[in-house]
Amino acid sequence: MNESSYVYVCAAFSAIGGLLFGYDIGVISGILTMSHFREKFPSGLAKEGSIVSSLLAGCFFGALISGYFADKIGRKFSILGASIVFIVGSVLQATATTFIQLYFGRVVAGISIGILSMIVPLYQSEISPKEIRGRLISFQQWSITIGLAISFWINYATEKFDSSAQWRIPLWIQNVPALILAFGMSFLPFSPRWLVCSDRDEEAITVLAKLRAGGDRTAEAVQKEYTEIKDNVRFEREFAAKNYSELIKKGPENIRKRVLLGIFIQIFQQLNGINAIMYFAPQIYNNAGIDLSTGINGFVNILATVPAILWVDRWGRRATLISGSMLMGASMLIIGSILAIDGTKYFDSTLGKNFIKLDNKASSLAVTIFIYISVASFAYSWGPTRWIYPAEIYPLRIRGKALSITTAFNWLFNFVLGQIVPILLNSTYIIFGIFSIIMAIFVHIFYPETKGNSLEEMDSIFGNIHPNNITISRQHYPSSSNESVHVGQQRENLRDLERGIPEEEEEDIYLST
Ligand code: BGC
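The text that follows walks through the structure, step by step, so that each part is easy to find. (Residues numbered from 1 in each chain as written. Predicted model: local features only at pLDDT ≥ 70, side-chain atom pairs only at ≥ 80, totals over all residues. Heavy atoms only, no water.)

Here's the deal with the site of the ligand
- For the ligand, the set of nearby residues contains 13 residues, the closest of which are Gln-141, Gln-270, Asn-275, Asn-301 and Arg-386.
- A distance of 2.7 Å is found between an oxygen atom of the ligand and a side-chain nitrogen or oxygen belonging to Gln-141.
- Arg-386 places a side-chain nitrogen or oxygen 2.5 Å from an oxygen atom of the ligand.
- The fraction of the free accessible surface of the ligand (310 Å²) that becomes covered by protein chains is 98%.
- Broken down by secondary-structure element, the contributors of at least two residues to the shell around the ligand are helix 7 (133–158), helix 13 (255–271), helix 14 (274–280) and helix 19 (382–392).
- Sorting elements by how many residues they give to the shell around the ligand places helix 7 first, with three residues.
- Classifying every residue of the shell around the ligand by side-chain character gives five nonpolar, seven polar and one charged. (Near = heavy atom within 4 Å. Polar contact = N/O pair within 3.5 Å; in protein donor to acceptor, adjacent residues only side chain to side chain. Areas by Shrake-Rupley, 256 points an atom, 1.4 Å probe, with all protein chains shown as cover. Helix = DSSP H or I, 4+ residues; strand = E, 2+ residues; numbered from the N terminus. Nonpolar A, V, L, I, M, F, W, Y, C, P; charged D, E, K, R; others polar.)

As for the side chain of Asn-275
- Tracing the backbone through its elements, the reader meets Asn-275 in helix 14.
- Among the residues examined, Asn-275 registers a relative accessible area of 15% and is labelled buried.
- Contact partners of Asn-275, with chain neighbours within four places excluded, come to Gln-270, Phe-280 and Asn-414. (Buried < 20%, exposed > 50% of the residue type's maximum accessible area, 1.4 Å probe, protein only. Contact = heavy atoms within 4.5 Å.)

Digging into the pattern of salt bridges
- In this structure the tally under the stated criterion is 16 salt bridges.
- The partner of Asp-71 in a salt bridge is Arg-75, with the nearest N and O atoms 3.2 Å apart.
- Connected via shared salt-bridge partners are Asp-71, Arg-75, Glu-126, Arg-399 and Lys-401. (Salt bridge = Lys/Arg side-chain N within 4 Å of Asp/Glu carboxyl O.)

Okay, here's the thing in structure tokens:
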């Protein structure tokens with residue numbers, strides 16, 4: 001296997017974590033309406049709500065603790081461990097005979113999903129060459145969409161059974177990808193960056209050699225990347241303590257701003273209203289007579305993620321996010337306006353839910369089309385990019401911790417919107433439309449472009465560092481390129497800033513280096 005196919009295999013395989021995430025979330029929304037499930041767990045709205053929110057609570061908690069595991073036992077073993085936890089949670093759910101067991105199973109599976117949702121993109125970002133990092137992290141979102149779609153069709157097939165197999169089978173099935181992930185992860189390499197951070201440099205070089213050069217440890221690309229990582233780790237050890245308090249410090253690397261950017265990208269990707277479409281669109285459709293809409297949405301979602309995989313590294317993060325927000329915003333505003341003009345909201349007391357009735361055929365067709373457009377707009381843009389961006393903007397020493405906090409915000413807002421959307425229903429589409437437009441402006445003003453830069457070069461994009469090209473020799477291996485030297489110089493500049501050396505003196509120092 002050549003180097004590029006190996007890194008693809010590693011990134012794609014770890015993305016099975018995303019599939020578990022999409023599948024489990026999708027499966028439960030289908031199961032809730034199945035007759036045998038409702039018979040076994042006679043549910044009121046409150047119970048239904050808590051079956052969904054117990055998973056989200058687990059996810060939130062899982063994301064929060066994932067930073068600790070990512071650093072302590074490493075990215076690879078955290079993914080492996082989380083898939084075993086997932087199996088425990090999923091067996092508890094599939095065999096549930098009481099509500100308590102079901103809730104417990106949901107929380108346990110949620111913890112695993114929370115951990116995976118943070119560590120998989122982290123792992124992918126750390127094994128990827130910078131030129132295709134966006135593409136490889138997009139695999140995470142792609143497999144979420146595949147998981148969501150598979151769950152829909154499996155629920156669709158098993159709901160015909162006239163026994164508890166109706167809902168137990170879909171839950172048993174999710175153990176298959178989890179087992180494959182747990183087993184396969186043991187053959188995947190460790191993150192080279194985590195290895196260097198854990199002083200396992202020889203192994204790091206071997207992994208880099210496999211990922212970049214078909215096993216050739218002396219290849220220039222391998223040596224250069226190792227040098228860059230090593231330099232980065234050394235600098236970080238000297239420069240700052242590894243703890244959570246760092247996340248709120250500004251410092252010359254602008255950590256606080258970077259954490260806020262990560263948090264807001266996760267919040268925004270919920271505020272653009274994708275889940276109002278993914279989970280609540282059927283409450284519009286039910287009265288427009290298009291039954292399989294969720295299934296079709298699933299296909300649109302999978303297909304429209306492909307352009308991100310192909311081109312996000314060419315388009316860049318900013319253009320992708322801004323264009324996606326504009327398209328989603330426009331679609332949401334159109335959907336919201338049609339619903340406001342033609343839709344009638346009513347409460348179905350048997351199902352305990354709000355519905356929107358759209359009698360006019362043209363309006364119903366227009367809403368359908370714009371729902372697909374907004375799913376597609378999300379799928380190529382915010383879906384993948386909100387995993388990519390946070391996974392690439394933090395310094396190694398705090399990457400795990402920062403990413404765990406930002407990912408937890410995704411789950412928090414997922415939960416919050418899950419509470420609000422069903423109550424407001426039609427008016428939320430207008431609100432989401434407005435948010436999407438605001439997001440485009442926000443990204444334009446505050447989010448720097450990151451494509452094509454190595455993880456070690458992010459400090460120069462976000463930090464208050466003078467770009468400087470003067471060469472110094474802090475390399476561990478000779479390299480013909482100036483790039484790693486440039487990073488080394490930036491580190492020096494950061495040290496000077498930290499020591500409070502005034503600007504004029506800094507200039508002198510640069511010049512005399
Ligand atoms: C989001 C989910 C959303 C899904 C749609 C995921 O990245 O976290 O909330 O339903 O994308 O594909």
